[in-house]
Amino acid sequence: GGMPLGALSREAHEVIALGMNRVGGKSNSGEGGEDSLRFKPIMDVDADGHSASFPHLNGLKNGDSAASATKQIASGRFGVTPEYLTSAKQLEIKLAQGAKPGEGSQLPGPK
């Protein structure tokens, strides 16, 4: 399962993706999509491990990836673009909200 951007901060999403990519695992974007900057390897890292593209992250290496390998798709909404889809190693298609039926995770009044 994934946690969407908003449930976790941008920094948390990117650090989880970096760590999982370094060890050969797969992080999940959640249904919130990703900034397209994350789709390409980080190649502007200085000797101190800082990147102008990702100034809020430390300890980076050239070639690191902040992209989630698994991209979650929720009914074609939430930042799903062709670029987002083609940057995935794996797709997770979300068909229902389970305990939260309704449009956009909003609970209907009777629930």
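Here the residue numbering is sequential within each chain, running from 1 through the sequence in written order. Totals for whole chains, interfaces and linings use every residue, but because this is a predicted model, local features are given only for residues with pLDDT of at least 70 and side-chain atom pairs only at 80 or more, for both listing and counting. Hydrogens and water molecules were not included; the side-chain quantities draw on all heavy atoms of the structure.

Details of the nonpolar core
Worth spelling out the cut-off: Here, the term nonpolar core denotes a set of buried Ala, Val, Leu, Ile, Met, Phe, Trp, Tyr and Cys residues that are joined through side-chain atoms within 4.5 Å. The buried label goes to any residue with under 20% of its type's maximum accessible area, the exposed label to any with over 50%, and the partly exposed label to all in between, with areas taken from a 1.4 Å probe on protein chains only. Whether two residues touch is decided by their heavy atoms; if any such pair falls within 4.5 Å, the residues are in contact.
Judged by nonpolar contacts, Leu-18, Ile-42, Val-45, Phe-54, Leu-57, Leu-60 and Ala-66 together constitute the single largest core of seven residues. Once residues lying within four places of it in the same chain are set aside, the contact partners of Phe-54 are Arg-10, Glu-14, Leu-37, Arg-38, Ile-42, Leu-60 and Ala-66.

Considering the confidence of the model for the chain
Rules: Per-residue confidence from the prediction method is given by pLDDT, with values spanning 0 to 100. Think of it this way: any DSSP run of H or I at least four residues long counts as a helix, any run of E at least two long counts as a strand, and we number them from the N terminus.
Overall, the predicted model of the chain reaches an average pLDDT of 83, with 76% of residues at or above 70. No element of the chain has a lower mean pLDDT than strand S1 (residues 70-74), which averages 84, and none a higher one than helix H1 (residues 10-23), which averages 93.

So, the pairing of S1
Across the five residues that make up S1, a large majority, five, are buried. Here S1 shows a buried face lined by Thr-70, Gln-72 and Ala-74 and a second buried face lined by Lys-71 and Ile-73.

Digging into the packing of aromatic side chains
Rules: Within 6.5 Å between ring centres, the rings of Phe, Tyr and Trp (the latter by its six-membered ring) count as paired, and their orientation is classed by plane angle as stacked under 30 degrees, edge-to-face over 60, tilted in between.
Per the stated rule, a full pass over the model turns up one aromatic pair. When the ring of Phe-39 is compared with that of Tyr-84, the centres are 6.4 Å apart and the planes differ by 50°; the resulting orientation is tilted. Remark: Tyr-84 occurs in helix H2 (residues 82-86) and Phe-39 occurs in the loop between H1 and S1; sequence separation between them is 45 residues. Side by side, Phe-39 and Tyr-84 carry an identical accessibility label, which is buried.

Things to note about the pattern of salt bridges
For the record, the criterion: Here, a salt bridge means any Lys or Arg side-chain nitrogen found within 4 Å of an Asp or Glu carboxyl oxygen.
According to the stated counting rule, one finds four salt bridges in the structure shown. In this structure, Arg-22 and Asp-64 form a salt bridge, with 2.6 Å as the shortest nitrogen-oxygen distance. Of this pair, Arg-22 sits in helix H1 while Asp-64 is found in the loop between H1 and S1, placing the two residues 42 residues apart along the sequence. Of the charged contacts, one joins Glu-34 and Arg-38 as a salt bridge, the two residues approaching to 3.2 Å between their closest N and O atoms.

What to know about H1
Filter applied, for reference: Helices are assigned an expected span. That span is 1.5 Å times one less than the residue count. This arc corresponds to the set of directions leading from the helix axis out to the C-beta atoms.
Taking 1.5 Å as the rise per residue, H1 with 14 residues should run 20 Å; its terminal C-alpha atoms sit 20 Å apart, in good agreement. The complete set of buried residues in H1 reads His-13, Glu-14, Ala-17 and Leu-18. Seen end-on, H1 carries its buried residues on one side only, within an arc spanning 130°. Following H1 by one or two positions, Gly-24 has its phi on the positive side, about 85°.

Side note on the side chain of Ser-68
Note the threshold: For the purposes of these results, a polar contact is taken to be a pair of N or O atoms within 3.5 Å, where, inside protein, one atom must be able to donate a hydrogen and its partner to accept one; residues adjacent in sequence count only when each atom of the pair is a side-chain atom.
Inspection of the secondary structure puts Ser-68 in the loop between H1 and S1. There is a polar contact of 3.3 Å between the side chain of Ser-68 and the side chain of Ser-27. Beyond its immediate stretch of four places on either side in the chain, Ser-68 contacts Ala-17, Ser-27, Asn-28, Ser-29, Glu-34 and Arg-38.

Looking at the environment of Ile-93
Structurally, the position occupied by Ile-93 is in strand S2 (residues 90-94). In the structure, Ile-93 is positioned 22 residues away from Lys-71 in sequence and 8.5 Å away in space, judged by C-alpha atoms.

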